[in-house]
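# Examining the three-dimensional arrangement
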Amino acid sequence: MERVLKLEGVGFRYDRLWALRGVDLEVCPGELVGILGPNGSGKSTLLKVADGICIPQKGKVLLGGRPLSGRGRRDVARQVAMVAQENHFRFSFSVMEVVLMGRFAHLGRFHFERPGDVRVAWEALEATRSSELASRSIHELSGGEKQRVLIARALAQEPRVVLLDEPTSFLDLRFKKEIFELVSSLARHKALGVVVVSHDIDLSANYCDRILLLREGRVFAEGPPADVITPGNVEAVYECPVVVDSNPATGAPRVSVL
């Protein structure tokens, strides 16, 4: 099967501190991959390496089978979209203006959006069930609405890979579920490779096709949720005793802290 994104033996350090060591990751079209692990395990750094923001000192990143290193930001942005953990807007942009920002990689220098760019933005809003928000200020939205709009901006880039860094942080249960349902659906129906960093083990187990469990910058376990979310793995990585049973509605692993 085609791999839209592949990390091979990636190592990355900040000064002398290694944040990632020998990390392998493959992402296929239509697949939702969850990255789990405690704070400081290298999750966000892994996304920055996959997006080309951080250049690994060891290993390599392949995007569509070609090395990521040496490629310009505009080229990368046509294939990889990042939804960062922190997104602050100084000005009161409308939702449509925010989504159109995702078209920057497809515009020439000093060029304005064309009708085709507006069409792509509308399609992204519709795909994220956000079209009714188009004229509202980004500052007026709830946390869940804003997250949907940021995902729409990512879709407007027309990427092959979408990277999301803790997209459900600070959201209530309803919006957490909605965001995971949305990114899972987008992966399948748009044949996107989607990677999501999360602290929510249960939702990741419910919606992700595969889980990568990180510990101190290394891959501790990788595979389907049922193979990765086990008492032994969770206790070793999070250093906390747990019980893992099955969600009675979905059959996915469910974690309870003792």
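All of the points below concern the structure found in this document.

Reading guide: rules and limits
- Residues numbered from 1 in each chain as written.
- Predicted model: local features only at pLDDT ≥ 70, side-chain atom pairs only at ≥ 80, totals over all residues.
- Heavy atoms only, no water.
- 1 Å grid on protein atoms, 1.4 Å probe; cavity = no way out; pocket = protein on both sides within 12 Å on 5 of 7 lines; lining within 4 Å.
- Points joined across faces, edges and corners; volume = space filled by probe spheres on them.
- Helix = DSSP H or I, 4+ residues; strand = E, 2+ residues; numbered from the N terminus.
- Salt bridge = Lys/Arg side-chain N within 4 Å of Asp/Glu carboxyl O.
- Buried < 20%, exposed > 50% of the residue type's maximum accessible area, 1.4 Å probe, protein only.
- Nonpolar A, V, L, I, M, F, W, Y, C, P; charged D, E, K, R; others polar.
- Pairing = 2+ DSSP bridges.

## What about empty space enclosed by the protein?
Per the counting criterion, the structure on display carries one cavity of 30 Å³ or more. Roughly 40 Å³ of volume is contained in the largest cavity. What lines the largest cavity is simply Ile151, Leu155, Val162, Leu164, Val183, Leu186, Leu192 and Val194. When residues of the lining of the largest cavity are traced back to their parent elements, those giving at least two are helix H5 (143–156), strand E7 (161–165) and helix H6 (173–189).

## Section: the pattern of salt bridges
Applying the stated rule across the entire model yields 19 salt bridges. Its salt-bridge partner being arginine 210, residue glutamate 31 comes within 2.6 Å of it at the nearest N-O pair. Residue glutamate 31 is located in the loop between strand E2 (17–27) and strand E3 (32–36), and its partner arginine 210 is located in strand E9 (residues 210–215); the two are separated by 179 residues in the primary sequence. Taking relative accessible area as the criterion, glutamate 31 reaches 12% and is therefore assigned buried. The buried category is assigned to arginine 210, whose relative accessible area is 16%. Notably, a salt bridge pairs glutamate 181 with lysine 177, separated by 2.4 Å at the nearest N-O pair. Of the two residues, glutamate 181 and lysine 177 both sit in helix H6, four residues apart, roughly one turn of that helix.

## Points about the layout of surface pockets
Within this model, the largest pocket holds a volume of roughly 230 Å³. Residue lining of the largest pocket: 14 residues in total, with Gln85, Asn87, Lys146, Gln147 and Phe170 positioned closest to the centre. Its residues assigned to classes, the lining of the largest pocket comprises five nonpolar, six polar and three charged.

## Details of the sheet that holds strand E1 (residues 5–14)
Strand order in the open sheet formed by four strands is E2-E1-E4-E5, and the pairing between neighbours is antiparallel. Two strands close off the open sheet at either side, each with one partner strand: E2 and strand E5 (66–67). Here strand E4 (residues 58–63) runs beside E5; their pairing, made up of two bridges, is antiparallel. For leucine 63, the partnering residue across the bridge sits in E5 and is arginine 66.

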